[in-house]
Amino acid sequence: MPYPGQMPFNIRELLIKFAFLVGAVIIIYAVLWMLAELHLIPVIVYALFPQIVLLLIGIFIIYFAYTRKKQFY
């Protein structure tokens, strides 16, 4: 049981994983933006980025649910 005023370890672990996901998404977005501005990749790849982000978030949720299920069973 955590001390009063402290975050449980489970939430801290989730926040760290989420921070890694957000950081990776920002880096990928910035690289795609630079490549699209330099005309090294088609703009359509840059335009599809929001769908790729949704896919990454979905994979993160499935991974998190799978690891929690595996931990409890």
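Residues numbered from 1 in each chain as written. Predicted model: local features only at pLDDT ≥ 70, side-chain atom pairs only at ≥ 80, totals over all residues. Heavy atoms only, no water.

Peer 1: Before we go on, may I ask you to explain the overall build of the chain in this structure?
Peer 2: Assigned secondary structure in the chain consists of 3 helices and 0 strands. Secondary structure elements of the chain occur, N-terminal to C-terminal, as α-α-α. Buried positions account for 11% of the 73 residues belonging to the chain. Summed over its atoms, the accessible surface of the chain is roughly 6300 Å², and 78% of this surface lies on carbon and sulfur atoms. (Helix = DSSP H or I, 4+ residues; strand = E, 2+ residues; numbered from the N terminus. Buried < 20%, exposed > 50% of the residue type's maximum accessible area, 1.4 Å probe, protein only. Areas by Shrake-Rupley, 256 points an atom, 1.4 Å probe, with all protein chains shown as cover.)

Peer 1: Sorry, what's going on with the packing of aromatic side chains here?
Peer 2: Two aromatic rings, taken as a pair, are described by how far apart their centres are and by the angle between their planes. Here the structure, examined in full by the defined rule, presents 2 aromatic pairs. Centre to centre, the rings of Phe-18 and Phe-60 are 6.4 Å apart; their planes meet at 55°, and the pair counts as tilted. One end of the pair, Phe-18, is in helix 1 (residues 9–37); the other, Phe-60, is in helix 3 (residues 49–72), and 42 residues separate them in sequence. According to the relative accessible area criterion, Phe-18 is partly exposed, its value standing at 42%. (Phe/Tyr/Trp six-rings, centres within 6.5 Å; stacked < 30°, edge-to-face > 60°.)

Peer 1: What is the right way to look at the nonpolar core in this model?
Peer 2: If you look at soluble globular proteins, the nonpolar side chains tend to sit buried side by side. Core analysis: the biggest nonpolar cluster contains 6 residues, these being Leu-21, Val-25, Leu-32, Phe-49, Val-53 and Phe-60. When residues of this core are traced back to their parent elements, those giving at least two are helix 1 and helix 3. (Core = buried A, V, L, I, M, F, W, Y, C linked by side-chain atoms within 4.5 Å.)

Peer 1: How do you make sense of the environment of Phe-64 when you look at a structure like this?
Peer 2: With respect to the helices and strands, the residue Phe-64 is situated in helix 3. The sequence separation of Phe-64 and Lys-17 amounts to 47 residues, and the corresponding C-alpha distance is 9.2 Å.

Peer 1: For this particular structure, what's the right way to read a nonpolar patch on the surface?
Peer 2: On the surface, Ile-44, Val-45, Leu-48 and Ile-52 cluster together into a nonpolar patch covering about 320 Å² of accessible area. Of note, Leu-48 is situated in the loop between helix 2 (43–47) and helix 3. (Patch = residues over 30% accessible without salt bridge, like charges linked within 9 Å, V, L, I, M, F, W, Y side chains within 5 Å. Salt bridge = Lys/Arg side-chain N within 4 Å of Asp/Glu carboxyl O.)

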